[in-house]
Amino acid sequence: MKSFRAFFFRLSGWFRKRNREQEMMDEFESHLQMHIADNIRSGMSAEEARRQALLKFGGMESAKESVRDRSRLRGLETAWQDFRYALRTLRRNPGFAVTAIASLALGIGASIAIFTVADNLLLRPLPYPNSSQLVMVWEANQRGTTNQNEVSPANYFDWKTQNTCFSDIAAFLDYHVIFSTGARAEEIDIQSASANLLPMLGVTPIRGRLFTKAEDEASSNGADVAVISYHLWQSWFGGDESAIGRRVQINSRPWTIIGVLPPGFYFHSRTVDAWLPIGLKPAEDFRKTQGRWIWTAARLKPDISLRQAQTQMDTIARRLEDSYPEFNKGWGVNVEPLRDALVGQVKTPLLVLLGAVTLLLGVACANVANLLLTRFNARRREMAVRGALGAARARLVRQLLTESIALGITGGIAGILLARWAVQALLALAPRELTHSVQVFFDLRIVIFALALSLLTGIIFGLAPALVSARSDLNTALHDETRSSTGMGRRLRGWLVAAEVACAVMLLSGAGLLFHTVMKLQVVDPGLNASNVLTFRVTLPNPRYPRVRNRAQFFVRAAQDLAHLPGVTSASAVSYLPLQGEGAATTVAIEGQPPARPGEELIATIRTVLPEYFRTMGIPLRRGRDFTIADDDPDQPYRFIVSESFVRKYLAGREPLGTRINAEMDDKNPFGEIIGVVGDVKEESLDKDPDPTVYYVHAHLAYGGMIFVLRTENDPLSLAVPARKVIQGIDSQQPVADVFTMQKVVRETFARQQFSATLLAGFSFASLLLAAVGIYGVLAYSVAQRTREIGVRVALGAEPSRILRLVVGNGMRLVLIGSLIGLAAAFALSGLLKSMLFGIGPRDPWTFTIAPLVLICVALIAAYVPARRASRLAPMEALRTE
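Calculation criteria
- Residues numbered from 1 in each chain as written.
- Predicted model: local features only at pLDDT ≥ 70, side-chain atom pairs only at ≥ 80, totals over all residues.
- Heavy atoms only, no water.
- Helix = DSSP H or I, 4+ residues; strand = E, 2+ residues; numbered from the N terminus.
- Buried < 20%, exposed > 50% of the residue type's maximum accessible area, 1.4 Å probe, protein only.
- Areas by Shrake-Rupley, 256 points an atom, 1.4 Å probe, with all protein chains shown as cover.
- Expected span 1.5 Å × (residues − 1).
- Contact = heavy atoms within 4.5 Å.
- Phe/Tyr/Trp six-rings, centres within 6.5 Å; stacked < 30°, edge-to-face > 60°.
- Lys NZ or Arg CZ within 6 Å of the ring centre and 35° of its normal.
- Core = buried A, V, L, I, M, F, W, Y, C linked by side-chain atoms within 4.5 Å.
- Patch = residues over 30% accessible without salt bridge, like charges linked within 9 Å, V, L, I, M, F, W, Y side chains within 5 Å.
- Salt bridge = Lys/Arg side-chain N within 4 Å of Asp/Glu carboxyl O.
- Pairing = 2+ DSSP bridges.
- Lys, Arg positive; Asp, Glu negative; His and termini not counted.
- Charge placed at Lys NZ, Arg CZ, Asp CG, Glu CD.

(A) The overall build of the protein, seen in detail. Within the protein, the regular secondary structure consists of 30 helices and 21 strands. For the protein, the residues scored as buried account for 51% of the 882 residues in total. For the protein, the computed accessible surface area is about 40700 Å², with 57% contributed by carbon and sulfur atoms.

Next up, the structure:
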């Protein structure tokens, strides 16, 4: 208690600083007068007596500083003084302050923006209790086609009963439905899930309850209950409590809302607005009736590691392969952390961008350190005077660090404001998968990180002038009027410029590789003509269209009416649009060939189309004919069209037309003849080889949801409204969703590379600008300090061109050193970009040649201005320079 009172007394005294200073001065003056009086009595003159008294004290200011330093709050007081003085000096030098703060705001703002995205996607715990225990469990095709395949319901049930590594394992599936409450109907995303999924995720409804296991297993027999999101509850029902128990229409079937989930809850996809029972019955033999179509998630037991779980699931997979060789031959299990499953595709680009923005921040810090060094050299006399008046060297160093920290914090605050805007811009530019499964937001955690980063950067770039100050001879500075820079200061500025150049070369190299990749992808032939094609999805609810013939008639009529719209040259529809990452695949049998052994089946991508699809999409017909309206009849024999890759891979040396094949896509899969061969189309992305593909006509594989494609004469989006009216003219309750142009779909396939390339290009441009400023500043200051030397050289007959070469040569030495360092680092780290590149190696010689050349050109421009000024110096004016 006594120590607290003493501290409080001292703290209160700090706020009485003026009175305390006056009391100290009065006390020192009384002691000084006593010494003066003693000296006068000893026979000294008044002037000599005062001088000797001051000498005995060692200087009044030094004595006062000694007393002040004994104060326990002295550190806080002097820090506040240093901070205020730093702000005053920055106000007196607005040009320097604005340049330094702008450089820092750019570096810190970009760093915070990228860190915000990376933190939400890679670092921040997922919004579920003990989220590190959550995993996705996939089937893995051991033939190397995929290790993230959908799961067979039969295997899922066997996993549930045979594993001991999971506390729970659940099944789910995302898809689209028509949600209606009467007059209003819209397509929404839903998640069909087993009853244990939501409890496994630790979610508790804020209204109502979750569905039970009994309701899940009985859902196909009438127990139709649904849980909705908070967003849907607010947007459709206005948060009305009576929504619980209300009957709604989902795909024209009545469902009862029994619960509302908390705000912001999502799993796997942030667009899901309702959860329905998946309705899997353990007694059904799914290996005979169905393929692989569900997703599974699980929670590890607390004492089980991911490796242990993978080992046990591998054992179970081998057991199931032995038990069911015809179904499971060549299939394993892949246990993957949930976070990796959600952000796996964007993890590498984000890590690359984190490294790039760190380089940009390094360039900004080096640039500000150079500015501070130059400013310190201009203030060396000021520092020497302060030292002569009694300021300790440590105090001077602390003052310089305080000024740099003030700059860092000011730049950090500006960076935070810039980052808030930059995060929104990043999300607007980002590929869809970046935020499809994880929410990105800016919160207090990011602000704290930003302030810590600002403080750290302030200390880092402030170390340069502080080190020079600590090693400088301030006494010499009082007499040196011609050269205010020390050897260490010159060398340090040179190395800082070299570091800026090295970072800029690394950024330019990475941006060059990615831009080269984007250019390569843009010229890849996707196998179709994406220009002037409008796409949109229509999902027919089964109860309103229960029969294949009903669905076929709707789609045929819609395609015909759409084709007659002014500005439409042709119209059709397809089950899964190429290059969207969605699709279906199954085993194919060829008549006349022996059955494939288990694990060696022929696999093909399956698409259902309407007549005119290939013409509408610009897919060339190589042989045979297209589907006709007569083919699109359930009573007609099965007929197929296949891709060129199907012929090359499975029918080599055989006439494809007339060959009979079948595909395991339905309960009955009769053989049908191949009537046409079309060109290959890129299925998943532009950087992957096309898959063998089999096309059904819609009546023989009737999907309830189809994507219409319209080829137009002009802007496709101008026909979005007329197309919607056509669909609703056929069925007024039928909504239209996901209206896009095909060109946008194609661009999305390389959106990750384009996103990374665009950001790296921006960082590269910023680093080039900062490096140019650094080179200009160093050379301009060097010319100013060597004015007399240059004047002597000119007076002795040196030509202006020689002076120009001298100054430019000094700058280019730094640039060449930095370029070599940057090239070596970029060459060593380029392998990190390998997974993002296409059609180009990670050590492409052209990129690693052009990147330093670009920077050297920029450096020459930056060096030319001070060099030209030096070459035009008048000798007499230069010699008179002090």
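(B) Just helix H21 (residues 548-563), in detail. Over its 16 residues, H21 extends 23 Å from the first C-alpha to the last, a length consistent with the 22 Å expected when each residue adds 1.5 Å. Buried residues of H21: Arg-551, Ala-552, Phe-554, Phe-555, Val-556, Ala-558, Ala-559 and Leu-562, and no others. Close packing links the buried residues of H21 with strand E11 (533-539), strand E12 (568-574), strand E20 (705-712) and helix H24 (720-730).

(C) Quick look at the packing of aromatic side chains. Under the counting rule described, the total for this entry stands at 23 aromatic pairs. A ring pair is formed by Tyr-613 and Phe-614, whose centres lie 5.4 Å apart and whose planes are at 75°; its orientation type is edge-to-face. Residue classification places Tyr-613 among the buried positions, given a relative accessible area of 0%. Exposure remark for Phe-614: the relative accessible area of 3% places this residue in the buried category. Connected via pairs of aromatic rings, a cluster forms that spans Tyr-128, Phe-172, Phe-265, Phe-267, Trp-275 and Trp-295. Across the ring face of Tyr-324, the terminal group of Arg-287 is positioned such that the distance to the ring centre comes to 3.7 Å. Over the ring of Phe-827 we find Arg-843, and its NZ or CZ is 4.8 Å from the ring centre.

(D) Region of interest: unusual backbone geometry. Phi at Asn-251 takes a positive value of approximately 55°, unusual for a residue other than glycine. If you trace the backbone, Asn-251 turns up in the loop between strand E6 (247-250) and strand E7 (253-260). Positive phi is not limited to glycine here, since Asn-532 has a value of about 55°. By the element assignment, Asn-532 lies in the loop between helix H20 (487-522) and E11.

(E) How the structure looks around the nonpolar core. The biggest cluster of nonpolar side chains holds 126 residues, and the ones touching the most others in it are Leu-121, Leu-407 and Phe-763. It is helix H14 (residues 338-378) that contributes the most residues to this core, 20 residues altogether. What Leu-407 contacts, discounting residues up to four positions off in sequence, is Leu-90, Phe-96, Ala-97, Ala-100, Ile-101, Leu-104, Val-368, Leu-372 and Phe-461. Grouped together as the second largest cluster of nonpolar side chains are 44 residues, Ala-558, Val-647, Val-677 and Ile-727 included.

(F) Highlighting a nonpolar patch on the surface. Together, Leu-106, Leu-418 and Trp-421 give the surface a local cluster of nonpolar side chains, amounting to about 300 Å² of exposed area. Secondary-structure assignment places Leu-106 in helix H6 (residues 94-123).

(G) Quick peek at the pairing of E6. Across the two faces of E6 the burial differs, with Val-248 and Ile-250 buried and Arg-247 and Gln-249 not buried at all. Looking at chain direction, strand E2 (residues 166-180) and E6 are connected through 2 bridges and run antiparallel. By the bridge assignment, Phe-179 is partnered in E6 with Ile-250. Hairpin geometry of E6 and E7 is characterised by an intervening segment of 2 residues between the two adjacent antiparallel strands and by a positive phi of about 55° at Asn-251.

(H) Fine view of a positive patch on the surface. On the surface, Arg-84, Arg-88, Arg-91 and Arg-92 cluster together into a patch of positive charge. Considering the arrangement of structural elements, one finds Arg-91 in helix H5 (residues 74-92). Its relative accessible area of 61% is what places Arg-91 among the exposed residues.

(I) Representation of the pattern of salt bridges within the structure. Tallied over the full model, the rule gives 22 salt bridges. In this structure, the salt-bridge partner of Glu-215 is Arg-209, at a minimum N-O distance of 2.8 Å. For Arg-557, the salt bridge identified is with Asp-561, shortest N-O distance 3.7 Å. In this pair, Arg-557 and Asp-561 both sit in helix H21, 4 residues apart, roughly one turn of the helix. Judged by its relative accessible area of 44%, Arg-557 is partly exposed. In this structure Asp-561 comes out as partly exposed when scored by relative accessible area, which is 30%.

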